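So the chains spell out like this:
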Amino acid sequence: MEPEEEEITQQPLVEIEIGSLSLAGSPRLAGESAEHIEALAAAEEPLPPITVHRPTMRVIDGFHRLKAAQLRGDRTIAARFFDRDETAAFVLAVKLNVTHGLPLTLADRKRAAERIIASRPQWSDRRVASVTGISPGTVGDIRRRAGREPEPVSRRLGQDGRLRPVDGSAGRSIAGELFTQNPELSLRQVARAAGISPETARDVRNRLRNGEDPLPRQHRRRKNAEPGQGAVVHKDFRALGLARPAGRGQAQAVPDRAALVKRLKDDPALRFTDTGRNLLRLLALHTLSKDEWEAIINNVPPHCSNIIADLARQFAELWSEFAVRVEKEVAQIS
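Reading guide: rules and limits
Residues numbered from 1 in each chain as written. Predicted model: local features only at pLDDT ≥ 70, side-chain atom pairs only at ≥ 80, totals over all residues. Heavy atoms only, no water. Pairing = 2+ DSSP bridges. Helix = DSSP H or I, 4+ residues; strand = E, 2+ residues; numbered from the N terminus. Axes fitted to C-alpha atoms, helices over the stretch in contact; angles between N-to-C directions. Salt bridge = Lys/Arg side-chain N within 4 Å of Asp/Glu carboxyl O. Buried < 20%, exposed > 50% of the residue type's maximum accessible area, 1.4 Å probe, protein only. Core = buried A, V, L, I, M, F, W, Y, C linked by side-chain atoms within 4.5 Å. Contact = heavy atoms within 4.5 Å.

Once that is clear, we can look at the sheet that holds strand 1 (residues 14-17). Taking strand neighbours across the sheet as the criterion, the 4 strands line up as 1-4-2-3 in an open arrangement whose pairing is mixed. Single-partner strands in this sheet number two, and they are strand 1 and strand 3 (58-61). Here the average twist between neighbouring strands, direction ignored, is 55°. The sheet contact formed by strand 1 and strand 4 (residues 76-82) spans 4 bridges and is antiparallel.

A full pass over the atoms with the stated rule returns 10 salt bridges. Here R54 and D83 are joined by a salt bridge, their closest N and O atoms 2.5 Å apart. Of this pair, R54 sits in the loop between strand 2 (50-53) and strand 3 while D83 sits in the loop between strand 4 and helix 4 (86-99); the two residues are 29 residues apart in sequence, bridging distant segments of the chain. D83 gets classed as partly exposed once you look at its relative accessible area, which sits at 38%. When the shortest N-O distance is used, the salt bridge between R207 and E212 registers 3.3 Å. Judged by relative accessible area, which is 38%, E212 ranks as partly exposed. By sharing partners, the salt bridges in this structure join R172, D203, R207 and E212 into a single network.

Judged by which residues are buried, strand 2 turns out to be covered on both faces: I50 and V52 on one side and T51 and H53 on the other are all buried. The sheet contact formed by strand 2 and strand 4 spans 4 bridges and is parallel. When the bridges of strand 4 are listed, I50 appears paired with A79. Examined bridge by bridge, strand 2 and strand 3 share 3 bridges and lie antiparallel to one another. Bridge pairing in strand 3 links T51 to D61. Linking strand 2 to strand 3, which pair antiparallel, is a turn of 4 residues; within it M57 sits at a positive phi near 60°.

Let's shift gears to the nonpolar core. Core analysis: the biggest nonpolar cluster contains 17 residues, and L21, I50, V52 and I77 have the highest contact counts within it. Going through the elements one at a time, helix 2 (34-42), strand 2, helix 3 (63-72) and strand 4 are the ones with two or more residues in this core. Among the elements that line this core, the one with the most residues is helix 3, at 4 residues. Apart from residues no more than four positions distant in its own chain, I77 is found in contact with V14, E15, I16, I18, L21, I50, R65, L66 and A69.

Right under this line is the structure:
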């Protein structure tokens, strides 16, 4: 969830005079849908609250609901106020209109991406994509067509809140060295150490597997253009635990989770009780292979990635507390 969304959900509901509101600045190029307004007005249940930019009294989200309220003859409407600047208000308007209500058209979302790129050039393609509901590649195409940015940036702010270099040559080189030393590393381990995105790490790994240079041609041309510039990377791979373990040249064995869960399924103390079967089902969910996990991670839709990440953290905390309590209870029994 973007900071703007978190902020608005914490605001109290208020009743606002409809006549005091402005409808300027909609991200919809073709305006409102008369059919959708009539459908909302005909519904018997109360209309969901709209979102209003307090400094300008401009409607951020809820154009159709406001029009429906006017059609009903209402004089007031339930709303939440948003107090940040107009750039943040537009980002929130696009995000909310992409994820619920009458969705923005593809043309609306592309135009919105243009405006966000112009006002927030430091945002990465993926971050803009997560707001507008279009692909990062499409955002990149829009950025290139727009030409020179108002203020050229060397790094962009990613969807995860981290700054990464626009020219990832240094990070790609580090990632190539990491994968060469230890092919067992995950994409996220390499991405974190090299200061690049997991998708860039995937591209580097695929290039190495195909016998290609980890740097695409355009990166090779720029590699020595600005000495000393680029990603802040970690070069002490062994200190980070990323180097291939010494010895026979093989990565340390990782316990086979699937085999352990299969063994537990044969335990009568678990198989023949409701709580035991529930536990086995939960454990079985985590027996996917590393590649299967990577496939899931890299196919999470951008518009709901923050919600999924937050849920994953909550579930991780629950499992951590579960582990502590299980160990504690066993220790007390023994």
